[in-house]
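Coordinate inspection notes
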Amino acid sequence: MSINDFKKTKLWHKEFKNLGYDSKLIFKKAKTKFETLSSLSFFLTIMASEILLNQPIQKKINIIHNNFLYKFMSKDSKKVDRVEINSFSFSLFMILQKLFKEEETFEQYADQIINLSFCHWSQIQKINEKQYLQKKQNVLNLWNKNKPIVFSKIESSKIDLIILLYKSFEIGIGNKEIIKKNIAVLGFSISKVFKEFRYDVINEFKKKEKLIR
């Protein structure tokens with residue numbers, strides 16, 4: 001995960017942002033290995049973000065991902081930073097597990113996807129190079145620790161990831177019934193994203209896959 005990829009992703013956003021979320025246009029414009037993998041990672045990042053931004057989570061769990069939090073929680077900015085990074089990472093892991101179950105061959109790109117997805121997240125969050133370098137090791141540590149769960153095809157591994165994602169919010173509620181309800185809400189939002197999974201992105205990537213071989 002080099003600073004060069006961070007800079008290249010910044011240029012990718014400038015060049016591709018006018019194409020919106022049209023997978024056909026974005027992958028058609030992708031001419032290099034980096035652009036092709038970056039295009040795939042962009043859509044995976046968006047799907048991971050949808051898990052976090054889905055309305056039931058905001059209402060029930062009250063987590064909002066944006067830099068506004070630093071203005072209101074400056075005394076606890078380290079916790080906010082940790083929650084944002086960890087919850088995004090586990091949301092991305094949820095999306096990757098779904099992707100790998102649909103297309104097992106995509107597992108060969110896992111490390112590159114983690115790398116470029118974090119670069120996209122960094123651009124969306126508008127963090128600078130210094131912040132990027134500070135945060136990236138946390139993402140890698142989470143990935144290296146949890147990749148066996150992400151690669152697992154056992155159905156219970158999905159539940160494991162949902163629980164890990166819930167814990168990443170650090171809500172600190174002791175009531176088991178409330179925790180159970182919150183996890184159910186989180187599971188619902190994840191299922192909603194899975195139902196709207198961007199299969200069009202998978203298809204467009206496969207058309208371009210020869211570029212990265």
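Here, the structure is the one placed above.
The structure presented is a predicted model; accordingly, all values stated were derived computationally and were not measured.

**With respect to the packing of aromatic side chains**
Scanning all chains against the criterion turns up 18 aromatic pairs. Measuring from ring centre to ring centre gives 5.1 Å for Trp 12 and Phe 42, while their planes differ by 45°; the resulting arrangement is tilted. Highlighted residues: Trp 12 in helix 1 (residues 3-16) and Phe 42 in helix 3 (residues 33-53), separated in sequence by 30 residues. On the accessibility criterion, Phe 42 (9% relative accessible area) is buried. Between Trp 143 and Phe 151, the aromatic rings sit 5.7 Å apart at their centres with planes inclined by 75°, giving edge-to-face as the arrangement. Looking at Phe 151, the relative accessible area reads 25%, which means it is partly exposed. The ring of Phe 16 has Lys 29 lying over it, and the distance from NZ or CZ to the ring centre is 5.9 Å. Above the face of the Phe 197 ring, Lys 98 is positioned so that its terminal group lies 5.9 Å from the ring centre.

**A closer look at the side chain of Glu 35**
In this fold, Glu 35 is placed in helix 3. It turns out Glu 35 is buried and unbridged, and the closest side chain with the opposite charge, Lys 208, is 7.4 Å from it. Among the polar contacts made by the side chain of Glu 35, one reaches the main-chain amide nitrogen of Lys 31 at a distance of 2.8 Å. Not counting residues up to four positions away in its chain, the partners in contact with Glu 35 are Trp 12, Glu 15, Phe 16, Lys 29 and Ala 30.

**A short note on helix 11 (residues 199-208)**
Listed as buried for helix 11 are Val 201, Ile 202, Glu 204, Phe 205 and Lys 208. Looking at the packing, one finds that the buried side of helix 11 touches helix 2 (23-29), helix 3 and helix 6 (77-102).

**Regarding helix 9 (residues 156-168)**
Taking 1.5 Å per residue as the helical rise, helix 9 with its 13 residues ought to reach 18 Å, and the 19 Å between its terminal C-alpha atoms agrees with that figure. Regarding helix 9, the residues found buried are Ser 157, Lys 158, Leu 161, Ile 162, Leu 165, Tyr 166 and Ser 168. Here the buried face of helix 9 lies against helix 3, helix 6, helix 8 (129-151) and helix 10 (176-195). Phi turns positive one or two residues past the end of helix 9, at Glu 170, with a value near 50°.

**Considering the environment of Phe 118**
With respect to the helices and strands, the residue Phe 118 is situated in helix 7 (residues 110-124). It is 9.4 Å that separates the C-alpha atoms of Phe 118 and Ile 85, two residues lying 33 residues apart in sequence.

**Things to note about unusual backbone geometry**
Trans peptide bonds make up the majority, and among non-glycine residues the majority have a negative phi. Positive phi is not limited to glycine here, since Lys 126 has a value of about 60°. By secondary structure assignment, the location of Lys 126 is in the loop between helix 7 and helix 8. Under the relative-accessibility criterion, Lys 126 is labelled exposed at 70%.

**Considerations on the nonpolar core**
Core analysis: the biggest nonpolar cluster contains 56 residues, and Leu 44, Ile 95, Leu 96 and Leu 99 have the highest contact counts within it. Look past the residues within four positions of Leu 44 in its chain and what remains in contact with it is Leu 92, Ile 95, Leu 96, Leu 99 and Ile 113.

Cut-offs and rules
- Residues numbered from 1 in each chain as written.
- Predicted model: local features only at pLDDT ≥ 70, side-chain atom pairs only at ≥ 80, totals over all residues.
- Heavy atoms only, no water.
- Phe/Tyr/Trp six-rings, centres within 6.5 Å; stacked < 30°, edge-to-face > 60°.
- Helix = DSSP H or I, 4+ residues; strand = E, 2+ residues; numbered from the N terminus.
- Buried < 20%, exposed > 50% of the residue type's maximum accessible area, 1.4 Å probe, protein only.
- Lys NZ or Arg CZ within 6 Å of the ring centre and 35° of its normal.
- Lys, Arg positive; Asp, Glu negative; His and termini not counted.
- Salt bridge = Lys/Arg side-chain N within 4 Å of Asp/Glu carboxyl O.
- Polar contact = N/O pair within 3.5 Å; in protein donor to acceptor, adjacent residues only side chain to side chain.
- Contact = heavy atoms within 4.5 Å.
- Expected span 1.5 Å × (residues − 1).
- Core = buried A, V, L, I, M, F, W, Y, C linked by side-chain atoms within 4.5 Å.

So, to be careful, I would describe these as geometric facts and stop short of saying anything about function.
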